[in-house]
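# Examining the three-dimensional arrangement
One letter stands for each residue in the lines below.
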Amino acid sequence: MILVLRALGVGDLATAVPALRGLRAAYPDRPLALAAPAWLAPLVGLVGGVDRLLDTPGLGPARWPGPAPEIAVNLHGSGPGSHRMLAAARPDRILAYANPEAGFTDGPDWDEDAHEVRRWCRLLAWYGVPADPADLALRRPPPAGVPRGATVLHPGSKIAAKRWPAERFAALAHRLDRQGHRVVVTGSTDERGLAHRVAAAAGLPPDAVLAGRTDVGDLAALIAYARMVVSGDTGAAHLATAYGTPSVVLFGPVSPARWGPPPDRPRHRALWAGQRDWPRWDGVGTHPTLAALGVDEVCAAVAEVERVGRVSGAVAA
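Residues numbered from 1 in each chain as written. Predicted model: local features only at pLDDT ≥ 70, side-chain atom pairs only at ≥ 80, totals over all residues. Heavy atoms only, no water.

## So, the overall build of the protein
- On a plain count of helices and strands, the protein comes out with twelve helices and ten strands.
- What you see for the protein is a C-alpha radius of gyration of 20 Å, in line with the 20 Å of a compact globule of 317 residues.
- With the C-alpha coordinates of the protein rotated into their principal frame, the extents come out at 60 × 45 × 40 Å.
- Burial status across the protein gives 54% buried among its 317 residues.
- For the protein, the proportion of contacts with a sequence separation of at least 24, taken over those separated by at least 6, is 60%.
- Accessible surface computed for the protein: about 14200 Å², of which carbon and sulfur atoms make up 52%. (Helix = DSSP H or I, 4+ residues; strand = E, 2+ residues; numbered from the N terminus. Rg over C-alpha atoms; globule rule 2.2 N^0.38 Å. Buried < 20%, exposed > 50% of the residue type's maximum accessible area, 1.4 Å probe, protein only. Contact = heavy atoms within 4.5 Å. Areas by Shrake-Rupley, 256 points an atom, 1.4 Å probe, with all protein chains shown as cover.)

Now the structure itself:
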């Protein structure tokens, strides 16, 4: 068995897809088990090649079922916690970044500035396992139960610093609605209040709020058949990349060089003001690099990616 640890969220799983497929291709006859949260199961099914999902909500003591794996792969991070967690499974071999604190010095050194997709492809390449960082597409789920052709606004984030101000999302939603977009507002159950505030301020009907009403499989289907996605640096943005759905992603404080869509895909636009000089941040609310992005700038980016999408669609036809 090949055991892979990636006990994180939607965007984390999406950025690990090329590495997972590289492992599948390298070990076609071995069962591939992914240690990740159980709620990601619908999305794991869209990756393909994963034989078993081991419910792993995060780092900590774990009881690994079955015999010891032949190979354990750390796609979670470089810290001692994830190394020790995999070592507890007693694998024959571990593939991981070096961490002397955990007594593991075999792998490459961690590069803090690497793009998250390429980070894991580089790790596997160190061990002779090729992985294509462009292999990001997910299987397209059936569209049943979700609106098609919607413009998806995703204002939330688990990290407050990465949330574009709600009033700006509302202003954007109002403009897009006036332009003929069918706007829906998504988010987790905890973000329903935020989503309703955005929708109400934009003059959208209550049924435009899908936050808390969709699981991760529904969200994937919604984005797979959407007209447009506008979000912060969250899982929704990575799903848009996976399905080629035009997207505008608002970055801050983390650079798109580390988590953004591939720069050679013009249907996806990353907006980032981090190259400017900013005063010291007090750590409260939206980070200055994200707060610097205005509604006009985002609207212009939406129009641009839609134009590119129409042109590329006409060329393909």
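So, next bit.
## Focus on the nonpolar core
- Judged by nonpolar contacts, the single largest core of 64 residues is most densely connected at Leu3, Val4, Leu34, Leu43, Val73, Leu75 and Leu138.
- The element best represented in this core is helix H8 (residues 216-224), accounting for seven residues.
- Look past the residues within four positions of Leu43 in its chain and what remains in contact with it is Val10, Leu13, Leu138, Val216, Ala220 and Leu239.
- Counting 32 residues, the second largest nonpolar core, distinct from the first, contains Leu153, Leu176, Val198 and Val302. (Core = buried A, V, L, I, M, F, W, Y, C linked by side-chain atoms within 4.5 Å.)

## Re the pattern of salt bridges
- What the rule picks out here adds up to ten salt bridges.
- Across the salt bridge formed by Glu116 and Arg6, the nearest N and O atoms sit 3.1 Å from each other. One end of the pair, Glu116, is in helix H5 (residues 116-126); the other, Arg6, is in the loop between strand E1 (2-5) and helix H1 (10-15), and 110 residues separate them in sequence. With respect to burial, Glu116 and Arg6 carry one shared label: buried.
- Here Arg227 makes a salt bridge to Glu306, at a shortest N to O gap of 2.8 Å. With Arg227 in the loop between H8 and strand E8 (228-232) and Glu306 in helix H12 (residues 295-316), this pair connects stretches of sequence that are 79 residues apart.
- On the basis of relative accessible area, Arg227 is assigned to the partly exposed category, the value being 32%.
- Through salt bridges that share partners, Arg6, Glu116 and Arg119 make up one connected network. (Salt bridge = Lys/Arg side-chain N within 4 Å of Asp/Glu carboxyl O.)

## Points about the environment of Ala173
- Relative to the assigned elements, Ala173 resides in helix H6 (residues 166-178).
- Owing to a relative accessible area of 0%, Ala173 belongs among the buried residues under this scheme.
- When the C-alpha positions of Ala173 and Gly203 are compared, they lie 8.6 Å apart, and in sequence the two are 30 residues distant.
- In contact with Ala173, other than residues within four places in its own chain, are Leu153, Val183, Ala202 and Leu204.

## Focus on empty space enclosed by the protein
- For the structure shown, the criterion picks out two cavities of 30 Å³ or more.
- Considered as a void within the structure, the largest cavity measures approximately 80 Å³ in volume.
- Lining the largest cavity are Ala14, Thr15, His115, Val117, Leu136, His238, Thr241, Ala242, Gly260, Pro261 and Pro262.
- Elements that contribute at least two residues to the lining of the largest cavity include exactly H1 and helix H9 (235-243).
- Among the elements that take part in the lining of the largest cavity, H9 stands out by supplying three residues, more than any other. (1 Å grid on protein atoms, 1.4 Å probe; cavity = no way out; pocket = protein on both sides within 12 Å on 5 of 7 lines; lining within 4 Å. Points joined across faces, edges and corners; volume = space filled by probe spheres on them.)

## Here's the deal with the sheet that holds strand E2 (residues 32-36)
- What the five strands build is an open sheet, ordered E3-E2-E1-E4-E5; its pairing is parallel. Looking at which strands have only one partner, the edges of the open sheet turn out to be strand E3 (52-55) and strand E5 (93-95). Here the average twist between neighbouring strands, direction ignored, is 20 degrees.
- Pairing of E1 with strand E4 (residues 71-74) involves four bridges; the strand directions are parallel. Residue pairing for E4: Leu3 is matched across the bridge by Ala72.
- Across the sheet, helix H2 (residues 17-26) touches E1, E2 and E4, and the angle it forms with E2 is around 155 degrees.
- Its contacts with the sheet put helix H4 (residues 80-87) on E1, E4 and E5, and the angle it makes with E4 is roughly 165 degrees. (Pairing = 2+ DSSP bridges. Axes fitted to C-alpha atoms, helices over the stretch in contact; angles between N-to-C directions.)

## A closer look at H5
- Buried residues of H5: Glu116, Val117, Arg119, Trp120, Cys121, Leu123 and Leu124, and no others.
- On its buried side, H5 packs onto H1, H2, E4, E5 and helix H10 (256-259).
- Phi turns positive, to about 80 degrees, at Gly128, one or two residues after H5.

## Considering the environment of Phe169
- Here Phe169 is to be found in helix H6.
- The exposure class assigned to Phe169 is buried, which follows from its relative accessible area of 1%.
- In this structure, the C-alpha to C-alpha distance between Phe169 and Pro155, residues 14 residues apart in sequence, is 6.7 Å.
- Beyond its immediate sequence surroundings of up to four residues, Phe169 is in contact with Leu153, His154, Pro155, Trp164, Val198, Val230, Ser231 and Leu250.

## Quick word on the packing of aromatic side chains
- Scanning the entire structure with this criterion turns up four aromatic pairs.
- Between the aromatic rings of Tyr97 and Trp110, the centroid separation amounts to 5.2 Å while the plane-to-plane angle is 80 degrees, which identifies the pairing as edge-to-face. Linking Tyr97 in the loop between E5 and H5 with Trp110 in the loop between E5 and H5, this pair joins segments that are 13 residues apart in sequence.
- Judged by its relative accessible area of 0%, Tyr97 falls in the buried class.
- The exposure class of Trp110 is partly exposed, given its relative accessible area of 29%.
- Their ring planes at 80 degrees and their centres at 5.1 Å tell us that Trp164 and Phe169 sit as a pair that is edge-to-face.
- Judged by its relative accessible area of 3%, Trp164 is buried. (Phe/Tyr/Trp six-rings, centres within 6.5 Å; stacked < 30°, edge-to-face > 60°.)

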